[in-house]
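# Structural overview
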Amino acid sequence: MIALLLRDLKLATRAGGGFGLGLAFFLIVCTLVPFGVGPEGEILARIAPGILWVGALLSCLLSLDRIFALDHEDGSLDLLATAPIPLEGAVAVKALAHWLTTGLPLTVAAPVFGVLLHLPPEAMLWLVVSLLIGTPALSMLGAFGAAITVGLRRGGLLLSLLVLPLYVPTLIFGAETVRAGSSALDPTTPLVFLAAITLLTGGLIPFAAAAALRINLR
Amino acid sequence: MSIWEYANPVKFMRSSGIALPWVVAGAALCTVTGLIWGFLTPEDYKQGATVKIIFIHVPAALMAINCWLMMLVASLIWLVRRHHVSALAAKAAAPVGAVMTLIALITGAIWGQPMWGTWWEWDPRLTSFLILFLFYLGYIALWQAVEDPDSAADLTGVLCLVGSVFALLSRYAVNFWNQGLHQGASLSVAPGERMSAVYRYPLYLTMLGFFLLFLALLLIRTRTEIRIRRVAALQAREARQ
């Protein structure tokens, strides 16, 4: 399993793997928003939590089809399915690799983008914490969507149609945490809900995604 | 004699063929009578004539949710017992449910405009219905994207299970996110909150009518799906010879 994780990480970092692509996309979203809504600091600070979370969600979506599509094309997904490790474990590891290459860099870089959007300093900590807790759920749900659409032509658009409604609760609680943090309210309640969603997806989604993969590989 | 016998397509076709005219007649009778009765009710002292839209809005919203529930049960039956009629019924129900959701959203907007002064409000109930509509769209799109019918049934079944969990989760998440403008349950049994009998009885009748209408559409669409399957099987046999 560790070998699989290292292999996925290497594939993502080398050979035009789109490792920095998610971050660049996030940067562009954060640059475009002030052009769209105007450069006033107060307005930006008010909408910053939502924009940052939506941006993180979209840049996560961008790289989802990479989770299984390339392996499906060159046949290594069939090898994984017959490998001694259970397919559920392989799904979880691949989702983890996706998170390490998109979710974690986003979390680390988020304060910089927060500054761009005039996010109040006291909310910075909550932004990082909420992304750290919430983005694994995005990767997990994304792995499920990728598993469902893996064999399909034109699967990319369908993938976003399937996955985005599933992202709603994560987005609500994630943005709510940051919003509460920036307006000096208690952000622990939404944070606990966010952690609950991440644990729920981490526990259940590998089984659903592995079932979908088995159907697609049949 | 168990209920599973009806999972046999031939048996299902025969019994649903007998039941269908009665269901259609019942749906037409209840819906038309209920709507006319509802239209003739006196105007509400607070809401005026606009209250009458409730006779479409509430039954449609009710069936929108129950349709997803029915799809969930049908998907489970397909995944566990692999009865093809069950998967086809889930497939047939999805567009009906999507239209019911759309009717509820549109009539809600038409009702909300004079009452709340706005077409759309980011209220928990409204928002979760919009998300439900998106779930329906994704489900229908997935059915159409997968070519192999058995894989399509399996994948949509899994999607329906995961979607149900997240539809429920979204419902409570948006509740947390924003406090509502929408009124509470229309059919609350608590005295004082209950609607007056003038409105309640026609509403019951239209709800029954919409349920029968859903059942009729479901039977028609499932029968069509089974016939499409048969035609495909016959064509495949023809091509092999």
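In this text the structure is predicted, and so the values were computed from the model without any measurement.

### Focus: the overall build of chain A
Summing up its helical and strand segments, chain A has 9 helices and 0 strands in all. Its helices and strands taken in sequence order, chain A reads α-α-α-α-α-α-α-α-α from the N to the C terminus. A globule of 218 residues ought to have a C-alpha radius of gyration of about 17 Å, and chain A, at 18 Å, matches this closely. Considering only C-alpha atoms, chain A reaches an extent of 55 × 35 × 30 Å along its principal axes. Buried residues in chain A amount to 53% of all 218 residues. Long-range pairs, those at least 24 residues apart, make up 80% of the contacts in chain A with a sequence separation of at least 6. For chain A, the computed accessible surface area is about 9500 Å², with 73% contributed by carbon and sulfur atoms. In chain A, which carries 11 positive and 12 negative side-chain charges, the distance between the mean positions of the two groups comes to 10 Å.

### Things to note about the packing of helix α8 (residues 155–182) of chain A against helix α4 (residues 124–145) of chain B
For the pair α8(A) and α4(B), the least separation of the axes is 9 Å and the interaxial angle reads 150°. Considered as vectors, α8(A) and α4(B) are oriented roughly antiparallel to each other. Both α8(A) and α4(B) take part in a crossing whose hand is left-handed. When α8(A) is examined against α4(B), the residues Leu158(A), Leu161(A), Leu162(A), Pro165(A), Leu166(A) and Val168(A) are found in contact with a partner set consisting of Ile131(B), Leu134(B), Phe135(B), Leu137(B), Gly138(B), Ala141(B), Leu142(B) and Ala145(B). Broken down by class, the residue content of the contact of α8(A) with α4(B) amounts to 13 nonpolar, 1 polar and no charged.

### Brief notes about a nonpolar patch on the surface
Together, Val32(B), Ile36(B), Phe39(B) and Leu40(B) make up a nonpolar patch on the protein surface, roughly 450 Å² of accessible area in all. With respect to the secondary-structure elements, Phe39(B) resides in helix α1 (residues 9–40).

### Topic: the environment of His72(A)
Residue and element names in this part refer to chain A. By secondary structure assignment, the location of His72 is in helix α4 (residues 69–73). With 64 residues separating them in the primary sequence, His72 and Asp8 have C-alpha atoms 14 Å apart. If we ignore the near neighbours within four places in the chain, the residues touching His72 are Leu77, Val150, Gly151 and Leu217.

### Quick notes on the nonpolar core
Of all hydrophobic cores here, the largest spans 111 residues; its most connected members are Phe68(A), Phe144(A), Met71(B) and Leu142(B). For this core, the element with the most residues is helix α7 (residues 121–148) of chain A, which contributes 13 residues. Not counting residues up to four positions away in its chain, the partners in contact with Leu142(B) are Ile148(A), Leu152(A), Leu158(A), Leu162(A), Leu155(B), Thr156(B) and Leu159(B). If you look at the next biggest cluster of nonpolar residues, it comprises 12 residues, including Leu20(B), Ala27(B), Leu88(B) and Ile226(B).

### Some words on the packing of aromatic side chains
We describe a pair of aromatic rings using the distance from one ring centre to the other and the angle between the two ring planes. All told, the structure shown has 7 aromatic pairs over all chains when counted by the stated rule. Ring centres of Phe26(A) and Phe113(A) lie 4.7 Å apart, and the angle between their planes is 55°; this geometry places the pair in the tilted category. A residue pair is termed long-range when its members are at least 10 positions apart, and Phe26(A) in helix α2 (residues 21–37) and Phe113(A) in helix α6 (residues 87–116) qualify at 87 residues. We classify Phe26(A) as buried; its relative accessible area is 0%. Pairing Trp120(B) with Trp122(B) gives two aromatic rings, centres 5.5 Å apart and planes at 85°, and the pair type is edge-to-face.

### Some details on the packing of α8(A) against helix α9 (residues 188–217) of chain A
Residue and element names in this part refer to chain A. Where α8 meets α9, the axes come as close as 8 Å, and the angle between the chain directions of the two elements is 150°. On the basis of their axis angle, the class for α8 and α9 is roughly antiparallel. The chirality of how α8 crosses α9 is left-handed. In this structure, α8 uses Pro169, Thr170, Phe173, Gly174, Glu176 and Thr177 to contact α9, whose residues at the interface are Pro190, Leu191, Phe193, Leu194 and Ile197.

### Section: the interface of chain B and chain A
In this assembly, 27 residues from chain B lie in contact with 28 residues from chain A. Carbon and sulfur atoms make up 84% of the surface buried where chain B meets chain A, a total of about 2200 Å² over both sides. Three residues stand out in chain B for area buried against chain A, namely Leu155(B), Phe166(B) and Phe176(B), and they jointly supply 27% of the buried area on that side. Inspection of the chain B/chain A interface yields 0 salt bridges. If you look at where chain B meets chain A, you find 0 residue pairs in polar contact (both at pLDDT 80 or more). At the level of secondary structure, the elements contributing two or more residues to the side of chain B that touches chain A comprise α4 and α5 (149–177) of chain B. Counting residues per element, the side of chain B that touches chain A draws most heavily on α5(B), at 16 residues. The residue makeup of the side of chain B that touches chain A, split by class, is 19 nonpolar, 4 polar and 4 charged.

### Considerations on the confidence of the model for chain B
Residue and element names in this part refer to chain B. Here chain B averages 84 in pLDDT, while 89% of its residues score no lower than 70. The weakest mean pLDDT in chain B belongs to α5 at 86; the strongest belongs to helix α2 (residues 54–81) at 91. Here the complex is predicted with pTM 0.87, and the ipTM for its interfaces comes to 0.85.

### Re unusual backbone geometry
In this model, His118(A) sits at a positive phi of 60°, which is unusual for a non-glycine residue. Mapped onto the elements, His118(A) comes out in the loop between α6 and α7. In this structure His118(A) comes out as partly exposed when scored by relative accessible area, which is 44%. For Arg82(B), which is not glycine, the phi dihedral falls at a positive 55°. Within the element layout of this structure, Arg82(B) appears in the loop between α2 and α3 (84–116). Here Arg82(B) falls in the partly exposed class, since its relative accessible area comes to 37%.

### Re the side chain of Thr101(B)
Mapped onto the fold, Thr101(B) is located in helix α3. Those residues in contact with Thr101(B) that lie beyond four places of it in its chain are Ala64(B), Phe129(B), Leu132(B), Phe133(B) and Tyr136(B).

### Here's the deal with the environment of Gly174(A)
Residue and element names in this part refer to chain A. Take Gly174: it is sitting in helix α8. Residue classification places Gly174 among the buried residues on the basis of a relative accessible area of 0%. Through-space distance from the C-alpha of Gly174 to that of Val54 is 9.8 Å; in sequence the pair is 120 residues apart. Beyond its immediate stretch of four places on either side in the chain, Gly174 contacts Trp53, Ser130 and Leu194.

Parameters at a glance
Residues numbered from 1 in each chain as written. Chains lettered and ligands numbered in written order. Predicted model: local features only at pLDDT ≥ 70, side-chain atom pairs only at ≥ 80, totals over all residues. Heavy atoms only, no water. Helix = DSSP H or I, 4+ residues; strand = E, 2+ residues; numbered from the N terminus. Rg over C-alpha atoms; globule rule 2.2 N^0.38 Å. Buried < 20%, exposed > 50% of the residue type's maximum accessible area, 1.4 Å probe, protein only. Contact = heavy atoms within 4.5 Å. Areas by Shrake-Rupley, 256 points an atom, 1.4 Å probe, with all protein chains shown as cover. Lys, Arg positive; Asp, Glu negative; His and termini not counted. Charge placed at Lys NZ, Arg CZ, Asp CG, Glu CD. Axes fitted to C-alpha atoms, helices over the stretch in contact; angles between N-to-C directions. Parallel < 35°, antiparallel > 145°, perpendicular 65-115°, else oblique. Left-handed = near helix turned anticlockwise from the far one by under 90°. Nonpolar A, V, L, I, M, F, W, Y, C, P; charged D, E, K, R; others polar. Patch = residues over 30% accessible without salt bridge, like charges linked within 9 Å, V, L, I, M, F, W, Y side chains within 5 Å. Salt bridge = Lys/Arg side-chain N within 4 Å of Asp/Glu carboxyl O. Core = buried A, V, L, I, M, F, W, Y, C linked by side-chain atoms within 4.5 Å. Phe/Tyr/Trp six-rings, centres within 6.5 Å; stacked < 30°, edge-to-face > 60°. Buried area = accessible area lost by both parts, 1.4 Å probe. Polar contact = N/O pair within 3.5 Å; in protein donor to acceptor, adjacent residues only side chain to side chain. pLDDT = per-residue confidence, 0-100.

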